[in-house]
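Chain and residue survey
Chain by chain, the residues:
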Amino acid sequence: MPIIDVFIAKLIAMGLAFVAQYILWKKYSSFQTWLTQNQIGVVTALVVFTRIIPFILVFVILKEEPRGDVPFFYYKASHAVHLDLVYRDFWSFHAPIFSYIIALPLLIVDHASSIVALMMVGELGCVWLTYKHYKTVSSEAYAKLLHYLMLPAPIIICLLGGQEDIWLWGFALGALMIWKKSNSDFRMGLMFALSLLCLKVTVAFFLFPLFFLIKDKFKFILSMAVVGIPSLALLYYLVGWDFLMLIKHTEDPYSPNLFSVLRPFIGASVNITKMNWLGLGLFLPLTTWIGFSVRNKSFEQAFPLLFILTYGLMQLFLPSAMAYYMFIYLVIIVFELWQHKDGSFFFVLLLLNFLLIVEPFVYVYYKNPVFDSFEVLSKSGYGLEYLLQWAFVVTLIYVLRVCYLRLKALPELAHK
């Protein structure tokens, strides 16, 4: 199917989703009793209509090939399913176990769309864990679950983009739930260590601000070392320094981020890899300082807010960051930052979804333009893409400001 037809289909689906979102938001109180009494049926129906039926339509009936990162995922999984050695026998920018995880569905159906199915199952698992966590602390959790399942951006990002980024939150939330149940910083650290082996090195970014909220820092570090040191030693034994491949994916500029919107002011003579290191050198100290400044707040309450700030600032400061990175923490924005009756933030959620769907298409349609001068913006369509990038960056900054103010407003814990 031509890309423009795919985009039109996205716009139609987005329009229908926005209408459904508005009706649900406006009339929720009128149907709350019925929706609550029929939770299993309602949630199942939403999953079927927003995930399963679109999957069947796109990949079974229309026989479309998966797009986004999925072809590269399929390349890795095709090697992993034959037990080839990651980094040595095939390329991967993910953690060592990731390629073998996404190879599992190929044992059932050897097609790239089976990886998309795995991503959808992973997303739904993360969303369900999020709902289980928030329903114990918020009476609005069920309404937010319904709203999230109906948001168009996660559906498109997962179905057509095959993104796994929400898994970062799933593992982090799993670590928090382990901590809540056991009150063990050591066990929580084991979960984070496992996520570093299964996902991306970006998992480590969250550990910098979180470290200051952890009570028993020694046990947390010990748990990471117990898993990390033998794993690194084994990787070095098997593939030498090739495992450093997973931190080398910083050579291409993407959008939208501060770098992409400010580049016309900076000019063309910029090394993207150096700018990524500069962005890393800016946002990591900033998130670490935020973690230090709220070290006396409730661990459970500060945890999701710090998560949003960490990966939101990463998305803002890294030149290699793209719009779809918001998939890491979009579900927490819905459950943590939005008060269901807040119409203004509801509009922000819909605006983010609009930008997450439209900006990446325009960016790819115009062949990933780099705005290294203001003269470039005079080309047809480039001005629109630049405005969309600015709209996304400004909206993201607004969301991060709301998150930061919410974090600072948390009460201080009494010292014992």
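What you see is a predicted model; the values in this text were computed from it and never measured. (Residues numbered from 1 in each chain as written. Predicted model: local features only at pLDDT ≥ 70, side-chain atom pairs only at ≥ 80, totals over all residues. Heavy atoms only, no water.)

Another aspect to go through is the overall build of the protein. Scanning the protein for helices and strands turns up 17 helices and zero strands. Expected size for 416 residues packed as a compact globule is a radius of gyration near 22 Å; at 21 Å, the protein falls within 12% of this value. Dimensions of the protein, computed from C-alpha atoms along their principal axes, come out at roughly 55 × 50 × 50 Å. Evaluated residue by residue, the protein yields a buried proportion of 53% over its 416 residues. Considering only intrachain contacts with a sequence separation of at least 6, the fraction spanning at least 24 residues in the protein is 77%. In the form shown here, the protein has an accessible surface area of approximately 19,200 Å², with 69% of it arising from carbon and sulfur atoms. Mean positive and mean negative side-chain charge positions of the protein (30 and 24 charges, respectively) differ by 10 Å. (Helix = DSSP H or I, 4+ residues; strand = E, 2+ residues; numbered from the N terminus. Rg over C-alpha atoms; globule rule 2.2 N^0.38 Å. Buried < 20%, exposed > 50% of the residue type's maximum accessible area, 1.4 Å probe, protein only. Contact = heavy atoms within 4.5 Å. Areas by Shrake-Rupley, 256 points an atom, 1.4 Å probe, with all protein chains shown as cover. Lys, Arg positive; Asp, Glu negative; His and termini not counted. Charge placed at Lys NZ, Arg CZ, Asp CG, Glu CD.)

With that out of the way, let us pick up the pattern of salt bridges. Applying the stated criterion to the full structure yields eight salt bridges. Taking the shortest distance from any N to any O, the salt bridge between R67 and E64 comes out at 3.2 Å. Overall, the relative accessible area of 31% leaves R67 in the partly exposed class. The class for E64 is buried, based on a relative accessible area of 14%. Between E164 and K200 there is a salt bridge whose closest N-O contact spans 3.4 Å. You can see E164 sitting in the loop between α7 (152-159) and α8 (166-182) and its partner K200 sitting in the loop between α9 (185-198) and α10 (203-210), a full 36 residues away along the chain. Take E164: its relative accessible area is 2%, and that puts it in the buried class. (Salt bridge = Lys/Arg side-chain N within 4 Å of Asp/Glu carboxyl O.)

Turning next to the nonpolar core. Soluble globular proteins tend to pack their nonpolar side chains together in the buried interior. Formed by 140 residues in total, the largest nonpolar core has its most connected members in F192, F307 and Y329. Once you skip the residues sitting within four places of it in the chain, F192 turns out to touch A172, A175, V203, F206, L207, L210, F220, M224 and F303. (Core = buried A, V, L, I, M, F, W, Y, C linked by side-chain atoms within 4.5 Å.)

Following S255, the chain continues into P256 via a peptide bond in cis, with omega recorded as -5°. Within the secondary structure layout, P256 lies in the loop between α11 (217-239) and α12 (258-266). Positive phi values are uncommon outside glycine, yet K63 reaches one of about 55°. Relative to the helices and strands, K63 resides in the loop between α2 (39-61) and α3 (70-80). Overall, K63 belongs to the exposed group, its relative accessible area being 64%. Positive phi is not limited to glycine here, since K367 has a value of about 60°. With respect to the secondary-structure elements, K367 resides in the loop between α16 (343-365) and α17 (382-408). Overall, K367 belongs to the exposed group, its relative accessible area being 73%.

A separate point is the packing of helix α14 (residues 299-317) against α17. Across the interface, α14 lies against α17 with an axial gap of 10 Å and an inter-helix angle of 155°. Comparing the axis directions of α14 and α17 gives the class roughly antiparallel. Remark: the crossing between α14 and α17 carries left-handed chirality. Each of A302, L305, L306, I308, L309, G312, L313, Q315 and L316 in α14 lies in contact with α17, whose residues at this interface are F392, V393, L396, I397, L400, C403, Y404, R406 and L407. Its residues assigned to classes, the contact of α14 with α17 comprises 15 nonpolar, two polar and one charged. (Axes fitted to C-alpha atoms, helices over the stretch in contact; angles between N-to-C directions. Parallel < 35°, antiparallel > 145°, perpendicular 65-115°, else oblique. Left-handed = near helix turned anticlockwise from the far one by under 90°. Nonpolar A, V, L, I, M, F, W, Y, C, P; charged D, E, K, R; others polar.)

Among the secondary structure elements, E412 is positioned in the segment after α17. It is 37 Å that separates the C-alpha atoms of E412 and L35, two residues lying 377 residues apart in sequence. Not counting chain neighbours up to four residues away, the residues in contact with E412 comprise N296 and K297.

What follows covers the side chain of S99. Inspection of the secondary structure puts S99 in helix α4 (residues 98-101). We classify S99 as buried; its relative accessible area is 0%. Excluding its chain neighbours within four sequence positions, the residues that come into contact with S99 are K76, A77, A80, V86, F90 and S92.

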